[in-house]
Each structure stands twice: as C-alpha cells, then as structure tokens.
Amino acid sequence: MTNVLFVCLGNICRSPMAEAMMRDLIAQAHLTSQITVDSAGTSAQVGSQPHEGTQQILATHHIPATGLVSRQITTQDFVNNDYIIGMDAMNLRDLRAMAPQGTAAKIYGINDVLPDKKGQPIADPWYTHNFNATYNDLSAALPAWLTFIQKQ
Ligand code: 4NP
C-alpha cells in the first residue's frame, strides 16, 4: 500500500482539491486498493468543508468531493504516509520544520515531478480567487505523480 498526503495551509482550497482529483485518477486507473490519498493543513480550518470555489470546480468536472473535512497535519502523518506533497514554499518550510527525524525525505513540492515546473508553487486561490488556475495546475501535476509513484 502506498499512502499519499497533500498538504496546504488551510486544507480547504488546494489540498482537498488535489485529494479529490487524485482519488478520481486512482479510481480510473483501478488502483484504489493500492494507493490511498488524504489531505491536511499546516494551519487547518479544522472541521471545515472545502471552500465554495473548490466545491464548484470539482462539481463542474464531475469529481466526487465527499468526505473532505479540514484537519491539521499530525506527527503521525509523517510516519504513515509515503509521499507528503506541499503546494508552496511556505508549506514545505512548515513541513520540514515539523517532520520527525528520518521522515523529511518524504516531503515533496507539488510540481517536483514536472521537469519544466519543478520547484514552482501552486498559487493559493484563497488570495487569488482563481480556482480554475489551481485546477489546471493540479491537472498537470497529478497524472505525473501517479506515474512517478507507480514507478517506485
Ligand atoms: P489553502 O488556502 O491553504 O489552499 O486551503 C487557504 C485557506 C485558508 C486560509 C489561507 C489559505 N486562511 O488564511 O484562512
């Protein structure tokens, strides 16, 4: 079993969108029994549903958004997950500061699997209001993540 965790700041905009989209990709690839997906926030709006903008864009693309509730990342997440994928430089700084010994190598940036976009963040739609751009960025990165994970 491979466990993937997407992380952003609030766990209401980017990382729940990534979770829902990746779960959908995994289902389409018939890999649901092999790869789990979850999301969390470094400063989560604990208990909140995804932002209206995230819910809308997932609905537009017919991607199920059930079971997405904001939660705070825990120390145990670093132990339980194989890939801990942050959305921007602040997420990565916070994750590295929080990582228990021996787990920092599991931390990745969302675009690390795209050679032409490696190291680039996914802009926070909380500030940009551009959920479409977030969706498009994730649409580019997530299939590359699935390929990368399957090769490991
Ligand atoms: P997210 O966006 O990290 O993509 O979920 C944000 C959500 C909430 C806040 C900031 C960013 N906030 O400041 O409450």
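One can find the structure itself at the top, above this paragraph.
Just so you know, the residues in each chain are numbered from 1, in the order the chain's sequence is written. Local features are withheld for residues below a pLDDT of 70 in this predicted model, meaning they are given only at 70 or higher, and side-chain atom pairs are given and counted only at 80 or more; totals for whole chains, interfaces and linings count all residues. Hydrogen atoms and water are omitted, and side-chain values are computed over all heavy atoms in the structure.

Looking at this model, I keep getting lost on unusual backbone geometry. Mind explaining?
Of all residues except glycine, most have a negative phi; of all peptide bonds, most are trans. A positive phi is found at Asn11, a non-glycine position, where the angle reads about 55°. In DSSP terms, a helix is any run of H or I states spanning at least four residues, a strand is any run of E spanning at least two, and both are numbered starting from the N terminus. Within the secondary structure layout, Asn11 lies in the loop between strand E1 (2-8) and helix H1 (14-28). Each residue gets one of three labels from its accessible area relative to the maximum for its type: buried under 20%, exposed over 50%, partly exposed in between, using a 1.4 Å probe on protein chains only. A relative accessible area of 3% places Asn11 in the buried class. One non-glycine residue, His62, adopts positive backbone phi at about 55°.

In this structure, what is going on with the sheet that holds strand E3 (residues 83-86)? I would like to understand it.
In a beta sheet, neighbouring strands are held together by backbone hydrogen bonds and run either parallel or antiparallel to one another. Taken in spatial order, the 4 strands of this open sheet run E2-E1-E3-E4, and their pairing is parallel. The sheet is open, and its two edges are formed by strand E2 (35-41) and strand E4 (107-109), each paired on a single side. Each strand of the sheet is rotated relative to its neighbour by a mean of 25°, with strand direction disregarded. Strands are labelled as partners when DSSP assigns at least two bridges between them. As paired elements, E3 and E4 share 3 bridges and run parallel to each other. The partner of Ile84 across the bridge, within E4, is Ile107. We call two residues in contact when some of their heavy atoms are within 4.5 Å. Simply put, an axis is a line fit to the C-alpha atoms, just over the touching stretch for a helix, and the angle between two N-to-C directions goes from 0 to 180 degrees. Here H1 sits on the sheet and contacts E1 and E2; the angle it forms with E2, its principal contact strand, is near 175°.

Explain the site of the ligand to me, please; I cannot follow it from the model alone.
Here, proximity means that at least one heavy atom of the residue falls within 4 Å of the molecule or strand. Surveying the vicinity of the ligand reveals the residues Cys8, Leu9, Gly10, Asn11, Ile12, Cys13, Arg14, Gln45, Asp124, Trp126 and Tyr127. Within 3.5 Å is the distance limit for a polar contact, defined as a pair of N or O atoms, with the added protein rule that one can donate a hydrogen and the other accept it, and that residues adjacent in sequence qualify only through two side-chain atoms. At 2.9 Å from an oxygen atom of the ligand is found a main-chain nitrogen or oxygen belonging to Leu9. Taking Asp124, its side chain carries an N or O atom lying 2.9 Å from an oxygen atom of the ligand. In isolation the ligand offers 360 Å² of accessible surface; the protein chains occlude 87% of this area. Methods summary: accessible areas were calculated by the Shrake-Rupley approach with a probe of 1.4 Å, and residue burial reflects only the protein chains presented.

It is not clear to me how the pattern of salt bridges should be interpreted in this structure. Could you clarify?
Oppositely charged side chains may form a pair once their charged atoms are brought near each other. Salt bridge, as used here, is a side-chain nitrogen of Lys or Arg placed within 4 Å of a carboxyl oxygen of Asp or Glu. If you walk through the whole model with that rule in mind, you get 6 salt bridges. Among the ionic pairs, Arg14 bridges to Asp88, the shortest N-O distance being 2.9 Å. Highlighted residues: Arg14 in helix H1 and Asp88 in the loop between E3 and helix H4 (89-98), separated in sequence by 74 residues. Accessibility assignment for this pair places Arg14 and Asp88 in one class, buried.

By themselves these figures say nothing about function.
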